[in-house]
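Now for the letters of each chain:
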Amino acid sequence: MVQPFTLLIKPAGPDCNLACRYCFYTPKKTLFPDSPCRMSEAVLETLCKQYFQLRFPMNAFAWQGGEPTLMGLDFYKKAVHFQAQYRTQEQSVQNTFQTNAVLIDDNWCRFFAEHNFLLGISLDGPQEIHDFYRKDHAGRGTYSRVLRAIDCCRKAAVEFNILVLLSDRNITEPDLLFDFFTAQGFTFLQLVPCFEIDPDNPPQPASWSITAEQYGRFLCRFFDRWRDGWTERLSVRTFDNFINVLAGGPPAECIFGRLCSDYLVIEHDGSAYCCDFFVTPETRLGSLLDTPLEQLAASPVKQNFIRRKRRIADSCLVCRYLDLCGGGCLKDRIPLTGTEKTPSYFCRAYKMFLDHALPHLRALAASAVQKLRKQPSSAKR
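Definitions and cut-offs
- All residue numbers refer to position in the chain's written sequence, counted from 1.
- Since the coordinates come from a predicted model, pLDDT governs what is reported: local features require at least 70, and pairs of side-chain atoms require 80 or more to be given and counted, while whole-chain, interface and lining totals use all residues.
- The side-chain values count all of the structure's non-hydrogen atoms but skip hydrogen atoms and water molecules.
- Helix numbers and strand numbers start at the N terminus; a helix is a DSSP run of H or I with at least 4 residues, a strand a run of E with at least 2.
- Here the radius of gyration uses the C-alpha set of atoms, whereas the globule reference equals 2.2 Å times the residue count to the power 0.38.
- Each residue is placed in one exposure class: buried if its accessible area under a 1.4 Å probe, protein chains only, is under 20% of its type's maximum, exposed if it is over 50%, and partly exposed if it falls in between.
- Here, residues are in contact when the closest pair of their heavy atoms is within 4.5 Å.
- Per-residue and other accessible areas were derived by the Shrake-Rupley procedure at a 1.4 Å probe size, with only the shown protein chains allowed to occlude residues.
- Only four residue types enter the charge count: Lys and Arg as positive, Asp and Glu as negative, with His and the chain ends excluded.
- Charged groups are reduced to one reference atom each: NZ for lysine, CZ for arginine, CG for aspartic acid, CD for glutamic acid.
- A pair of strands is considered paired only if DSSP assigns at least 2 bridges between the two.
- The nonpolar core is taken to be a set of buried Ala, Val, Leu, Ile, Met, Phe, Trp, Tyr and Cys residues, with the residues joined through side-chain atoms within 4.5 Å.
- Multiply 1.5 Å by the residue count of a helix minus one, and that product is the helix's expected span.
- When a carboxyl oxygen of Asp or Glu lies within 4 Å of a side-chain nitrogen of Lys or Arg, that pair is called a salt bridge.
- For a crossover, the right-handed case is the one in which the path from the first strand over the helix to the second runs clockwise, viewed with the strands pointing away from the viewer.

Chemist: For this particular structure, what's the right way to read the overall build of the protein?
Modeler: The secondary structure content of the protein amounts to 14 helices and 10 strands. Compactness check: the protein gives a C-alpha radius of gyration of 21 Å against a globular reference of 21 Å for 381 residues, within 12% of the reference. Along the three orthogonal principal directions, the C-alpha set of the protein runs to about 55 × 50 × 45 Å. The buried share among the 381 residues of the protein stands at 51%. For the protein, the proportion of contacts with a sequence separation of at least 24, taken over those separated by at least 6, is 71%. Here the protein displays about 17,400 Å² of accessible surface, and carbon together with sulfur accounts for 50% of that area. Side-chain charges of the protein comprise 45 positive and 41 negative groups, with the mean position of each set lying 5 Å from the other.

If you want it as C-alpha cells, here you go:
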C-alpha cells in the first residue's frame, strides 16, 4: 500500500486565459500539440474512483493549471458528484483551487462556499506591480478583475489565500507589499520566489527571476514587519513552515522536505507525472486510463525521482540549516548544473534569513508548543 498523497490536477492542462510572461507551465503545451487540453468526464470519473479506492482517510484534490476555471463550473459540479459517489463515510475530502481569479463571479463563489473549496488567488501586489506581468491575451492588466473576484469570495464567505510571485518587479519592495497586503485585510500569504532559466541562454536566469541576495533581503525585512505585531493576524507560509519544523512538526512546503513524494500531477488526458515542475517525457509515469493510481505512485520512475531529492550537495550535508531547508527544491538545483547534488539557487537566501530570524522563529515555535499543551485534549484532535 502506497503512502497517502495529494492529487495535483490540471484539468485544462497548460491552457490559460492570461499571458503572464513569467509562467513556467504554459510552455508545456508542446507536450500536447494535438490535444484540446480539456479533461473528459470519463477521465474525471476514473480519477475520482481510483483515488477513493486507495482508502486514504483524507483525499486531497488540488485543482490547478494553466487556469482551472477554463473548464467551467459544471465540470466541478461533476467532480463533487463523483467524489460523493465513490468516497466511503470514513473518507474525508479536501478541494483546493489555485486560480488567477479573472473568471470568478458570484456563481462560482456560491459553489465554492457550498462545497468548502479553499482558493489560492494570484496577486503580486498593487496594480502597477500586478499588471506588469499578469496581463490577458489582449494585453490588458487583470488587477481590477482579481479584486472584484476577492470581493465576491468575501461576500460568499469563501476561504482563500493570496499567492504572491516574487519577481524582479516586486522583490525590492518588501515594505510596499507588506503595507498593501495588510491594508487589504488578507490573512494568508504564500510568497513564491521566481527562478526560471533563460531558454535562450542556459543556465542563466531569465530576466524576471530574482537573485538569492534579493530574496534573502526581502525575507528578512518582511519577517521583521510581520513579527512586529502581526504573528497572530497574518499567516505567511514560509515563516509558518520553519516554525512548524522547529516545533517538531513536518514541513508545510514540499520544497523544504527531504522527500517529494506527497503528490502526483494528473494532466487533462489522464497522464501522471512526478511534479508539476518536472512535467516532461522522462518523468511521465503513465496514464490512469491504463494503469491504476496506486501503481503509478509506486512506479520506478516515481521512486527514482524521490531518491533524487535525497541526493544533496556535500556542502549541504554539513550545513547547520539542513534540517530546516531539506536541501531545497530540485527545480532550484538541477537546472544550474544538470545534477541534483547542487546547492539550491536560493541557498544564500535561506542562510541570510535563518541567520537573521532563527532566534525569533525558535521563540515563536516554543510559544506554539506551549499553547498546544495548554489546550484541552479534545481541542487537539
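Picking up after the structure, the text goes on.
Chemist: Looking at this structure, I do not really get the sheet that holds strand E3 (residues 92-99). What am I missing?
Modeler: Strand-to-strand pairing in sheets goes through backbone hydrogen bonds, with the strands running parallel or antiparallel. As summarised here, the arrangement of the 10 strands in space is E7-E6-E5-E4-E3-E2-E1-E8-E9-E10, forming an open sheet in which the pairing is mixed. At either end of the open sheet lies a strand with only one pairing partner, and these are strand E7 (235-236) and strand E10 (284-287). In terms of strand pairing, strand E8 (residues 263-267) meets strand E9 (residues 271-273) through two bridges, oriented antiparallel. The partner of Val265 across the bridge, within E9, is Tyr273.

Chemist: Please clarify how the nonpolar core should be interpreted in this entry.
Modeler: Nonpolar side chains tend to gather and get buried jointly when the protein is soluble and globular. Counting residues in hydrophobic clusters, the biggest one holds 111 residues, and the most contacted among them are Leu7, Trp63, Leu123, Ile162 and Leu293. In this structure, Cys20, Tyr22, Tyr133 and Ala206 belong to the second largest nonpolar core, which totals nine residues.

Chemist: Just to check I follow, could you spell out helix H7 (residues 212-227) for this structure?
Modeler: Spacing of three or four residues puts side chains on the same side of an α-helix, whose turn is 3.6 residues. The terminal C-alpha atoms of H7 lie 22 Å apart, and with 16 residues this matches the ideal 22 Å at 1.5 Å per residue to within 8%. Following H7 by one or two positions, Gly229 has its phi on the positive side, about 100°.

Chemist: What exactly am I supposed to notice about unusual backbone geometry here?
Modeler: Generally, phi is negative for residues other than glycine and the peptide bonds are trans, each holding for most cases. With an omega of 10°, the peptide bond running from Gly65 to Gly66 counts as cis. Put simply, Pro202 and Pro203 share a cis peptide bond, and its omega is 5°. Relative to the helices and strands, Pro203 resides in the loop between strand E6 (188-193) and H7. You will see that Asn116, though not glycine, has its phi angle at about 60°, which is positive. Mapped onto the elements, Asn116 comes out in the loop between helix H3 (106-114) and strand E4 (118-122). Given the relative accessible area of 64%, Asn116 is considered exposed. In this structure, Ala157 takes a positive phi of about 60° despite not being glycine.

Chemist: Please clarify how the pattern of salt bridges should be interpreted in this entry.
Modeler: Side chains that differ in sign of charge can pair as their charged atoms come close. Inspection of every chain in the model, using the stated rule, returns 17 salt bridges. In this structure, Asp15 and Arg38 form a salt bridge, with 2.9 Å as the shortest nitrogen-oxygen distance. One end of the pair, Asp15, is in the loop between strand E1 (6-10) and helix H1 (41-53); the other, Arg38, is in the loop between E1 and H1, with 23 residues separating them in the sequence. Here Arg38 falls in the partly exposed class, since its relative accessible area comes to 34%. As a salt-bridge pair, Arg225 and Asp179 come within 2.6 Å of each other at their nearest N and O atoms. Of this pair, Arg225 sits in helix H7 while Asp179 sits in helix H6 (residues 174-183); the two residues are 46 residues apart in sequence, bridging distant segments of the chain. With a relative accessible area of 39%, Asp179 lands in the partly exposed category. Taken together, the shared-partner salt bridges in this structure form one network comprising Asp175, Asp179, Arg221 and Arg225.

Chemist: I tried to follow the pairing of strand E5 (residues 159-166) on my own but got confused; where do I start?
Modeler: Burial runs high along E5: seven of the eight residues are buried. The pairing of E4 with E5 spans five bridges and is parallel. Each residue of the ladder has a partner; that of Leu119, found in E5, is Phe160. Where E5 lies against E6, five bridges are found, and the strand directions are parallel. Following the sheet pairing, Leu166 is matched in E6 by Pro193. The β-α-β motif built from E5, the intervening H6 and the parallel element E6 has right-handed crossover chirality.

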